[in-house]
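Okay, here's what each chain looks like letter by letter:
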Amino acid sequence: MTAADTVEQADTAPRIRDRRSRVASGGIRTVGMYLISIAIGVGVWQLVAMKYGSALVASPAQTVKAAKELASDGTLLNSVIASSRRILIGWGLGLVVGVPIGLLMGRLTVIRQLLDPYIEFFRFIPPVAFVTLAVVWLGIGESSKVVLIFYTSVFIVTLNTIAGVLSVNESKLRAATSLGASRWQVMRSVVLPATVPHIVTGARLAMGNSFLTIVSAEIVAAQVGLGALIWTSRNYGRIDWVFVGIITLGILGFVFDRVLRVVSSRVLRRYGVKL
C-alpha cells in the first residue's frame, strides 16, 4: 500500500462516518415526527370523543379496550389474516395480468385500439356494483372477494403501465432499433426498465383501492374479515368495535404500502424507483 492510498483511506473514513451519522439522525428525526403526529392525532380524537360521547365516537381508551377484547378470542387476528390474504391474492393477480396487458397496449397500436374501449368502459364501474353478481356467479367463498380485488387492481396497473410505455424517449427506441435490436429486445432492454417506476406507482395505487373494495366485498359475503367485523359491530351497536376495524384497516394499509415502498426502493433502485 502506497502513501497515497493511506491518505485516501484516511480521508474516506470520516466521510463514511459523517454519512452514516446523517442517515441515523435523519431516521431518528423521521421517527420523532411520526410520534408527534400520532400524539396530535390521538389528542384530537380524544377531544372529539369527549364532545360527542361514546355513543357516537369511541375514545382512544375505549378502542384499545375493545381491541384487546377482540384479540383475546382471536377474532381480530383471524379478520386481519383473512382480509390480508384476499387483498394480496387479488392485488397480485392484478399485477400479473395488468403489467403484460399494459406493455402490449403501450407498444402495439392495434392491441390498444382493440382493448381500449373495454378498459375505458369497465374502469368507471365501481367494484361494489359487481358485488351481488360476484356472489351469484362465484358464491360466498373466497373467489368472489378475490375477483373483486382483482377487478379493482388490474385497470389501475394497466393504465399506469401504458403511461410508462408511452413516456419512453423515442430517441432511445430508434437508437436500439438502429443497432439491430428486435422488438422483444427493445421491450426487454429499453421499454420495460423505463416503465418500472410507473408500474410501481400503479401497484401502490392498486393496493390502496384494494382496501376500499375489501370492505364492501366482505360486508356482503363474508363471515370473517375486517369488513365483516365492521358490519357485525354495526349490527350489535358496538361503535368501539367499528373503530377497531377501521383503525386496523388503516394500520394494515400503512404497513403494506411501507413494505412495498422499501422493497421497491431497494430491489428496483437501478430502474429509477425512489419512494
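Residues numbered from 1 in each chain as written. Predicted model: local features only at pLDDT ≥ 70, side-chain atom pairs only at ≥ 80, totals over all residues. Heavy atoms only, no water.

Can you walk me through the overall build of the protein chain in this structure?
Summing up its helical and strand segments, the protein chain has 10 helices and zero strands in all. N-terminal to C-terminal, the α/β element order of the protein chain is α-α-α-α-α-α-α-α-α-α. Counting over 275 residues, the protein chain shows a buried share of 35%. Nonlocal contacts in the protein chain, meaning residues at least 24 apart in sequence, comprise 73% of its contacts between residues at least 6 apart. Taken as a whole, the protein chain presents about 16400 Å² of accessible surface, with 67% of it coming from carbon and sulfur. (Helix = DSSP H or I, 4+ residues; strand = E, 2+ residues; numbered from the N terminus. Buried < 20%, exposed > 50% of the residue type's maximum accessible area, 1.4 Å probe, protein only. Contact = heavy atoms within 4.5 Å. Areas by Shrake-Rupley, 256 points an atom, 1.4 Å probe, with all protein chains shown as cover.)

Just to check I follow, could you spell out the nonpolar core for this structure?
Among soluble globular proteins, nonpolar side chains are generally buried collectively. Grouped together as the largest cluster of nonpolar side chains are 36 residues, with contacts concentrated most on Val191, Phe211, Leu226 and Leu249. Listed by contribution, the elements that provide at least two residues to this core are helix H2 (60-72), helix H3 (75-107), helix H6 (142-166), helix H7 (170-178), helix H8 (183-221), helix H9 (226-235) and helix H10 (239-267). In terms of nonpolar packing, the next biggest core, distinct from the first, is built from six residues, Met105, Ile119, Tyr151 and Ile162 among them. (Core = buried A, V, L, I, M, F, W, Y, C linked by side-chain atoms within 4.5 Å.)

What should I look at first to understand helix H4 (residues 109-122) in this one?
Residues three or four positions apart in an α-helix share a direction because the helix packs 3.6 residues into each turn. Its 14 residues give H4 an end-to-end C-alpha distance of 20 Å, which sits within 8% of 20 Å, the value for a rise of 1.5 Å per residue. Considering bend angle alone, the principal kink of H4 is centred on Leu115 and spans about 40 degrees; proline Pro117 follows within four residues of it. (Expected span 1.5 Å × (residues − 1). Bend = angle between axes of the 7 residues up to and from the residue.)

Can you help me understand the pattern of salt bridges in this one?
Where charged atoms from two side chains of opposite charge come close, those side chains can pair. Under the definition given, this model contains seven salt bridges. Glu142 is the salt-bridge partner of Arg85, the closest N and O atoms lying 3.6 Å from each other. Taken together, the residues span a long stretch of sequence, with Arg85 in helix H3 and Glu142 in helix H6 at a distance of 57 residues. Its relative accessible area of 33% is what places Glu142 among the partly exposed residues. Ionic pairing is found between Glu142 and Arg86, a salt bridge with its closest N-O pair at 2.9 Å. In this pair, Glu142 is assigned in helix H6 and Arg86 in helix H3, connecting sequence segments 56 residues apart. For Arg86, a relative accessible area of 4% corresponds to the buried category. Linked by salt bridges that have partners in common, Arg85, Arg86, Glu142 and Glu218 make up one network. (Salt bridge = Lys/Arg side-chain N within 4 Å of Asp/Glu carboxyl O.)

I would appreciate a short explanation of the packing of aromatic side chains in the present structure.
Two numbers describe a pair of aromatic rings. These are the distance of the centres and the angle of the planes. One pass over the structure, following the stated rule, counts six aromatic pairs. Consider the rings of Phe121 and Phe122, whose centres lie 5.0 Å apart with planes at 85 degrees: the pair is edge-to-face. Taking 5.1 Å as the distance between ring centres and 65 degrees as the angle between the ring planes, the aromatic pair formed by Phe130 and Tyr151 counts as edge-to-face. Linking Phe130 in the loop between H4 and helix H5 (131-138) with Tyr151 in helix H6, this pair joins segments that are 21 residues apart in sequence. The exposure class assigned to Phe130 is partly exposed, which follows from its relative accessible area of 22%. With a relative accessible area of 14%, Tyr151 lands in the buried category. Grouping aromatic residues by their ring pairs yields a cluster made of Phe130, Tyr151 and Phe155. Between the NZ or CZ atom of Lys51 and the centre of the ring of Tyr52, over which it lies, the distance is 5.6 Å. Sitting over the ring of Trp231, Arg234 keeps its end group 4.7 Å from the ring centre. (Phe/Tyr/Trp six-rings, centres within 6.5 Å; stacked < 30°, edge-to-face > 60°. Lys NZ or Arg CZ within 6 Å of the ring centre and 35° of its normal.)

How should I be thinking about the confidence of the model for the protein chain in this particular structure?
Detailed reading of the predicted coordinates is not advisable wherever pLDDT is low. Residues with a pLDDT of 70 or more make up 90% of the protein chain, whose mean pLDDT is 87. Mean pLDDT across the secondary structure elements of the protein chain bottoms out at helix H1 (residues 3-52), with 73, and peaks at H3, with 95. (pLDDT = per-residue confidence, 0-100.)

Would you mind going over H8 with me for this structure?
For H8, which comprises 39 residues, the first-to-last C-alpha distance of 46 Å sits more than 12% below the rise-based estimate of 57 Å (1.5 Å per residue). At Leu192, H8 shows its maximal bend, which comes to roughly 45 degrees, and the proline Pro193 appears one to four places after that position.

Would you mind going over the packing of H3 against H6 with me for this structure?
Packed helix pairs are characterised by how far apart their axes lie and by the angle those axes make with each other. In the contact formed by H3 and H6, the axes pass within 6 Å of each other and the chain directions differ by 35 degrees. Crossing of H3 against H6: the hand is right-handed. In terms of residue class, the contact of H3 with H6 is built from 18 nonpolar, eight polar and five charged. (Axes fitted to C-alpha atoms, helices over the stretch in contact; angles between N-to-C directions. Left-handed = near helix turned anticlockwise from the far one by under 90°. Nonpolar A, V, L, I, M, F, W, Y, C, P; charged D, E, K, R; others polar.)

Just checking my understanding: could you explain the side chain of Ser84 for this structure?
Take Ser84: it is sitting in helix H3. Residue Ser84 is classed as buried on the basis of its relative accessible area of 11%. Setting aside anything within four residues of it in sequence, one finds Ser84 in contact with Leu252 and Phe256.

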